[in-house]
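Letter by letter, the chains look like this.
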Amino acid sequence: MAKDMTKKKIIIVGGGISGLLAAIKVCELGGEVLLFSYCPVKRSHSLCAQGGINACMDTKGEHDSVYEHFDDTVYGGDFLADQIAVKGMVEAAPKLIKMFDRMGVPFTRTPEGVLDLRNFGGQKNKRTCFAGSTTGQQILYALDEQVRRWEVKGSVKKYEFWEFIKIVKNKEGICRGIIAQSMNTMKIEAFRADTVILATGGPGQVFGRCTASTICNGSAVSAVYQQGAEIANPEFIQIHPTAIPGSDKNRLMSEACRGEGGRVWVYKDGKPWYFLEEMYPAYGNLVPRDIASRAIYKVCVHMGLGINGENRVYLDLSHIPADYLERKLGGILEMYSEFVGKDPRKVPMEIFPSVHYSMGGIWVDRKHNTNIPGLMASGECDYQYHGANRLGANSLLSAAYSGTISGPEAMNWAKNGNKGSEISDAELEAARAEVQEEYDRIVNMSGEENAHKLHHEMGDIMYKYVAIERDNNGLDQGLIELKKLLKRWDNIGLTDHSKTANQEAMFVRQLRNMILYAMAITKSARMRDESRGAHAKIKLENGQQVHDADGELVFMPRDDKNFMFTSIVNYDPKTEEPVVTYREFDHSLIKPRPRSYAVAKKE
Amino acid sequence: MFHTTFYIRRLHSICGLAVLGMVLFEHIFTNSMAIFGPAALNGALEMMELIPKPIFLGLELGGIAIPLLFHAIYGVYIALQANNNASNYGYCRNRNFTLQRWTAWYLVIFLIWHVGYLRLYTKGITGTPISYELLQNYFQNPVVVVLYVLGMFAAIFHFCNGITTFCMTWGITKGPRSQNVVSVLSMGLCAILCLITLTFMGSYLI
Amino acid sequence: MAEKKVRFVIERQDSPESQPYTQEFDVDYRPGLNVVAALMEIQKNPVTVDGKKVAPVVWECNCLEKVCGACMMVINGRARQACCALVDEIEQPIHLAPARTFPVIRDLLIDRTRMFEALKKIQGWVELDGSWDVKDAPIQNPYTAQTAYEISHCMTCGCCLEACPNVGPQSDFIGPAPTVQAYLFNLHPLGKFDKPKRLNALMEKGGITSCGNSQNCVEVCPKFIKLTTYLAQLNRDVNIQALKNIFNN
């Protein structure tokens, strides 16, 4: 078969919403896509997004505006997001929704047949388009279908059950391909590309138990970080206030529950106390996630008011008519019943905050190029758009939008970029052989430690020191413990030496990447001496936590003078430690103002 | 492209229900005359003899033999594509699915014997007309009776369950309720036809 | 206090070509324990009940929320998602086996490529001119959209294929899930333009005619999709399409 050799070859790693949309854009521009994924792309983690996707459709008579969406996003992100980038995203949002609608995403509709909208946290207007409570699943499926169409046409070649291991750079340090390994046959291969896009999602598994899928380990991000890519703002980890705690996983209970009227409460003096409504009268239960999580944490941990003394509060939907709930939230209520065994239509759900999303990620410019030429990042694995805290239902938007930017830009680079020298077969093989050698070493590791137990311990460390409330003592301690963990990694022993689907060996390799990423998060959090968005740091005096006159913890204030900068983390190959610096970003459009959800927003 | 599989499948379905259903009804109707004694049955059999030979032979060939052979041979092909799993998935419809195939296997053997012995050998080669007396004599052997009753039951179940699946295959019953109603009705028919069969088979033994 | 254990009897297989064998494991009981969580415990301590240290069991899972479809396996003889198979609700000892309707790669890990290939056959997509802005998307009947939403929950897990007696190495039936997906696109205001193509594809060998109405699919579907209803509707549609094919040409 004659193959068009002039076709530009783009490698996309990750088959979530961002990767798939980028793939579609590349195909439309005449490129050829090699799509790598841990799993069939239809099983990517994007499908766990439940509540919806924000776009100013203004179909509810509220005079919603794109500017309002822009301002909510910037304000919600505590003024740490690049405002030009955010503006581009919110402006594109309504068009993206119409495109999804045409693709067949079964959005929930009004009796008139137009898209319904719901409320979401941190926004006063109804702005969230949704498909029941499985919006991410529906959008992912629609994109999966479109990519399958391109696959049939021959523009996309899927490498499913392949693990990305590292990029291959030429002499000039420009990314010209990747090394990947088949997860079934364990074969390691090198692939050439004109541009590589990483769309590998978030690093949730670094925290062990989180709302993320088991495949969201941040390993790919860490791999390129070790190869010189900069990570930005990794300390901003979103803790979702409402998750069902579990030993294998904390299952997400969508913000849509609060959007549809759910109320959060605990018993205080024998009576229900709707503490969010009392603490934040203007937004009530619809405060952004960082605020809600800290409030729940405070009520449970500091005030000891959790249900039966445990770390749980009620999320109550039982006052809402069952048929309404079924239509708007059916999927997730069914999930709660299934995993907990209680019917949330009748009794309040028991929830607690859980690690959910990483605002930070690989540093990219507004076109989604990383600091390594030829390498791009797109979706949750990049740092753009959300600043210090992400608003609910903005993640699907940023995932989709970033794909529509990174795809065309990848083609632009492939056609017009200065790609430097071609990479020779020998160079490619040398890079492959190096990975092969490392893998063989891992398979033959025979120490005492079990990788899965180490992973569990890492999660405990991260939850203890780098979660909802942080202080510098804890962060220092966290770093020390992570370094110890990295040492112990060398002493891992494998029981599986198989040449077929050796999941243990792959996990050991990923674990090392995860530990290094955890160190980047912790170090970056240690260096940022302020509270901003999801990063809340307790003030220390003489090494002790400070309490105010009422005995409440005192947090460091936001410090725009010293810290309204993007944290940039570089990997130091000699010490394996992260190095944190700060970089300017654009905040020229909306002037920073104090962020408070107790009062209505003033612009 | 011409959807050969599709048309053959649909032909298989309609031939099973309409043509072979008629044959089954004819057999049950004629044989049920035995309930009213030898004269009634012999009368019914003689009625059939009134049909001119060429037409009768044509009917037998075009209305029974060819459809039956087609239904049986293609049916075997269909049955071979199934991996019956009612032991793990013991739902009513799945049990019926399995039973549909088991009865089919039994019927293939039973009909070779029945047609081969009674129609081809007895009537065709020896030229003995089928009569009440002949059948009564034949049914003196209890093994034959049991195999014949089983053969009738198998054919009746296969036909009645076929009504239910026919309605699904042709998109007549769509929702679970209508499918259930048809299923219950056809199983009711199955019970009635089985009772009639038991009665006329019993009448030979009294 | 003797800790409560849960016994797992797992059918294992080292590679696609090798013979299956079984191994038994004990896992500490805890409330709310599910099969995936138990397999994770086995990963941390892969020792059989005989005290033999073995390679950890290999299986596929992603979301653990019953939306990704990855962890489908045969649990006590029935195909289902392992993540929501709560130990409290199933009979012990718990038997785990791979879904052998599909080729087994290793242990409980299977190759479901055929399902995705089937989605290509039925042309499971809306034929879009491009991902660019065109104009407003057409208004949709909210009731039809609700039906579409139900069908669109299908996570390609393969439960229905595993349970369907007509799907397997012995047959070329593409299975209930991909078949019913054709109906999803036929419902869409733009997707319905290509309805005849999809129906003609379903009339091919291995298409909807291979359905034997055992109706196991609807019983085992973890998403409660009314598969048999839509199969009957599609049967109706292909019959009409067949008449059109005959008389309109």
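Conventions used here
Think of each chain on its own: its residues are numbered from 1, step by step along the sequence as written. As a convention, the first chain written is A and the first ligand written is 1, with the rest following in written order. The predicted nature of this model means local features are confined to residues of pLDDT at least 70 and side-chain atom pairs, given and counted, to a pLDDT of 80 or more, with totals for whole chains, interfaces and linings taken over all residues. Counting from the N terminus, the helices are the DSSP runs of H or I reaching at least four residues and the strands are the DSSP runs of E reaching at least two. Residues with at least 20 neighbouring C-beta atoms inside 10 Å of their own are called buried, those with 12 or fewer are called exposed, and the rest are partly exposed, where every C-beta is derived from the backbone. Domain borders in the structure are assigned automatically or taken from a domain database. Each residue is assigned to one class: nonpolar for Ala, Val, Leu, Ile, Met, Phe, Trp, Tyr, Cys and Pro, charged for Asp, Glu, Lys and Arg, and polar for all the others, Gly among them. C-beta atoms are placed from the backbone for every residue, and two residues are taken to be in contact when these atoms lie within 7 Å. Between any two strands, at least two bridges found by DSSP are needed for them to pair. Here, axes are lines fitted to C-alpha atoms. For helices the fit covers the stretch in contact, and angles between N-to-C directions go from 0 to 180 degrees. Every helix has an expected span of 1.5 Å times one less than the residues it contains. For the purposes of this analysis, a nonpolar core is taken to be any set of buried Ala, Val, Leu, Ile, Met, Phe, Trp, Tyr and Cys residues that are connected through C-beta atoms within 7 Å. Oblique is the label for every angle not falling under 35 degrees (roughly parallel), over 145 degrees (roughly antiparallel), or within 65 to 115 degrees (roughly perpendicular). A clockwise turn of the near helix away from the far one marks a right-handed crossing, whereas an anticlockwise turn of less than a right angle marks a left-handed crossing. Within a predicted model, pLDDT stands for the predictor's per-residue confidence, ranging from 0 to 100.

Novice: A description of the overall build of chain B should follow, citing residues and the corresponding values.
Specialist: Counting its secondary structure elements, chain B contains seven helices and zero strands. Overall, chain B shows an N-to-C arrangement of helices and strands of α-α-α-α-α-α-α. Along the longest, intermediate and shortest principal axes, the C-alpha atoms of chain B span 50 × 40 × 25 Å. Scored against the burial criterion, the 206 residues of chain B give a buried share of 24%.

Novice: Can you break down the overall build of chain C residue by residue, with the values?
Specialist: Looking only at helices and strands, one finds eight helices and seven strands in chain C. Viewed in the frame of its principal axes, chain C has a C-alpha envelope of about 75 × 40 × 30 Å. Looking at the 249 residues of chain C, the share that counts as buried comes to 57%.

Novice: Before we move on, could you go through the domain arrangement of chain C and cite the residues and values that matter?
Specialist: All names here are of chain C. Splitting chain C by domain gives domain 1 (5-110) and domain 2 (113-247). Elements with a minimum of two residues in the side of domain 1 that touches domain 2: β3 (72-75) and β4 (78-81). The dominant element in the side of domain 1 that touches domain 2, judged by the number of residues it contributes, is β4, at four residues. For the side of domain 1 that touches domain 2, a count of residues per class yields seven nonpolar, three polar and three charged.

Novice: Tell me about the interface of chain A and chain C, residues and numbers included.
Specialist: Each partner contributes to the interface: chain A provides 56 residues, whereas chain C provides 57 residues. Sorting the residues of the side of chain A that touches chain C by element identifies α1 (17-28), α3 (83-103), α4 (135-152), α9 (322-340), α12 (451-465) and α14 (503-527) of chain A as the ones contributing at least two each. Top contributing element to the side of chain A that touches chain C by residue count: α4(A), with eight residues. Grouping the amino acids of the side of chain A that touches chain C by side-chain chemistry returns 17 nonpolar, 20 polar and 19 charged.

Novice: An account of the sheet that holds strand β15 (residues 271-273) of chain A is requested, with residue identities and associated values reported.
Specialist: All names here are of chain A. Read from one edge to the other, the open sheet built from six strands follows the order β13-β12-β17-β16-β14-β15, with strand pairing classed as antiparallel. Sheet topology places β13 (251-252) and β15 at the edges, where each strand pairs with a single neighbour. Across the sheet, α9 touches β12 (237-244), β13 and β17 (349-358), and the angle it forms with β12 is around 70°.

Novice: Can you lay out α4(A) for me, pointing to particular residues and giving the numbers?
Specialist: All names here are of chain A. Look at α4: 26 Å from first C-alpha to last across 18 residues, which is about the 26 Å you get at 1.5 Å a residue. Along α4, 16 of the 18 residues are buried, which leaves the element largely enclosed by surrounding structure. Immediately downstream of α4, the backbone of glycine 154 shows phi near 95°, a positive value.

Novice: With reference to specific residues and values, describe the sheet that holds strand β5 (residues 94-97) of chain C.
Specialist: All names here are of chain C. Taken in spatial order, the five strands line up as β2-β1-β5-β3-β4 in an open sheet, and their pairing is mixed. Looking along the sheet, the strands with just one partner apiece sit at the ends: β2 (21-28) and β4. In this sheet, adjacent strand axes meet at a mean angle of 35° when their direction is disregarded. Examined bridge by bridge, strand β1 (residues 5-12) and β5 share three bridges and lie parallel to one another. When the sheet's bridge partners are listed, valine 9 is paired in β5 with histidine 95. Sheet strands touched by helix α1 (residues 35-44): β1, β2, β3 and β5. Its angle to β2, the strand with the most contacts, is close to 95°.

Novice: How would you summarise the pairing of β5(C) if you had to cite specific residues and measurements?
Specialist: Here two bridges tie β3(C) to β5(C), and the two strands are oriented antiparallel to one another. Looking across to β5(C), one finds that Ile75(C) is bridged to Leu96(C).

Novice: Lay out unusual backbone geometry with the relevant residues and their values.
Specialist: Here the residue pair Gln92(C) and Pro93(C) is connected by a cis peptide bond, since its omega of -5° sits within 30 degrees of zero. Although it is not a glycine, His368(A) adopts a positive phi angle of roughly 75°. The topology assignment puts His368(A) in the loop between β18 (361-362) and β19 (375-377). In this structure His368(A) comes out as buried when scored by C-beta crowding, with 27 C-beta atoms within 10 Å.

Novice: Explain the nonpolar core residue by residue, including any values.
Specialist: Judged by nonpolar contacts, the single largest core of 278 residues is most densely connected at Ala23(A), Ile178(A) and Ile362(A). In this structure Ile362(A) touches Leu198(A), Val221(A), Val224(A), Ala229(A), Ile231(A), Thr370(A), Ala377(A), Cys381(A), Asp382(A) and Tyr383(A), once residues within four positions along its chain are discounted. Among the nonpolar cores identified, the runner-up in size contains ten residues, and Ala155(B), Ile156(B), Phe157(B) and Cys160(B) belong to it.

Novice: Kindly report on the interface of chain B and chain C, identifying the contributing residues and their values.
Specialist: Tallying the contact residues gives 25 residues for chain B and 27 residues for chain C. For the side of chain B that touches chain C, the secondary-structure elements that each account for two or more residues are α1 (4-32), α4 (92-125) and α6 (142-169) of chain B. Residue composition of the side of chain B that touches chain C, grouped by class: nine nonpolar, 13 polar and three charged.

Novice: Now, about helix α2 (residues 66-76) of chain A: what can you tell me, with residues and values included?
Specialist: All names here are of chain A. Among the eleven residues of α2, eight are classified as buried, and the element is accordingly described as predominantly covered. The set of residues buried in α2 consists of Glu68, His69, Phe70, Asp72, Thr73, Val74, Tyr75 and Gly76. Where α2 ends, the next residue or the one after it, aspartate 78, has phi of about 55°, a positive value.

Novice: Tell me about the packing of α2(A) against α3(A), residues and numbers included.
Specialist: All names here are of chain A. The N-to-C vectors of α2 and α3 enclose an angle of 135°; their axes lie 9 Å apart at closest approach. Overall, the two elements α2 and α3 adopt an arrangement that is oblique. Of the two elements, α2 crosses α3, and the hand of that crossing is right-handed. Contacts between α2 and α3 pair Val66, His69, Phe70, Thr73 and Val74 from the former with Gln83, Val86, Lys87, Val90 and Glu91 from the latter.

Novice: Tell me about the environment of Ser354(A), and please be specific about residues and values.
Specialist: Along the chain, the position of Ser354(A) falls in strand β17. Ser354(A) sits 57 residues away from Tyr297(A) along the chain, and the two C-alpha atoms are 10 Å apart.

Novice: Run through the pairing of β3(C), naming residues and quoting values.
Specialist: In terms of strand pairing, β3(C) meets β4(C) through four bridges, oriented antiparallel. The residue of β4(C) that forms the bridge with Ile75(C) is Arg78(C).

Novice: Explain the confidence of the model for chain B to me, using residue names and the numbers behind them.
Specialist: With 100% of its residues at a pLDDT of 70 or more, chain B shows a mean pLDDT of 94. Within chain B, no element has a lower average pLDDT than helix α2 (residues 38-49) of chain B, which sits at 91, and none a higher one than α6(B), at 97.

Novice: Which residues make up the packing of α3(A) against helix α10 (residues 395-416) of chain A, and what values do they have?
Specialist: All names here are of chain A. Their axes nearest at 10 Å, the elements α3 and α10 cross at an angle of 95°. What the angle tells us is that α3 and α10 run roughly perpendicular. Along its contact with α3, which presents Met89, Ala92, Ala93 and Leu96, the element α10 presents Leu397, Ser398, Ala400, Tyr401 and Thr404.

Novice: Any details on the environment of Arg114(C)? Residues and values, ideally.
Specialist: Mapping Arg114(C) onto the fold places it in helix α2 (residues 113-121). Once the C-alpha coordinates of Arg114(C) and Val104(C) are considered, the two residues, ten residues apart in sequence, prove to be 13 Å apart.

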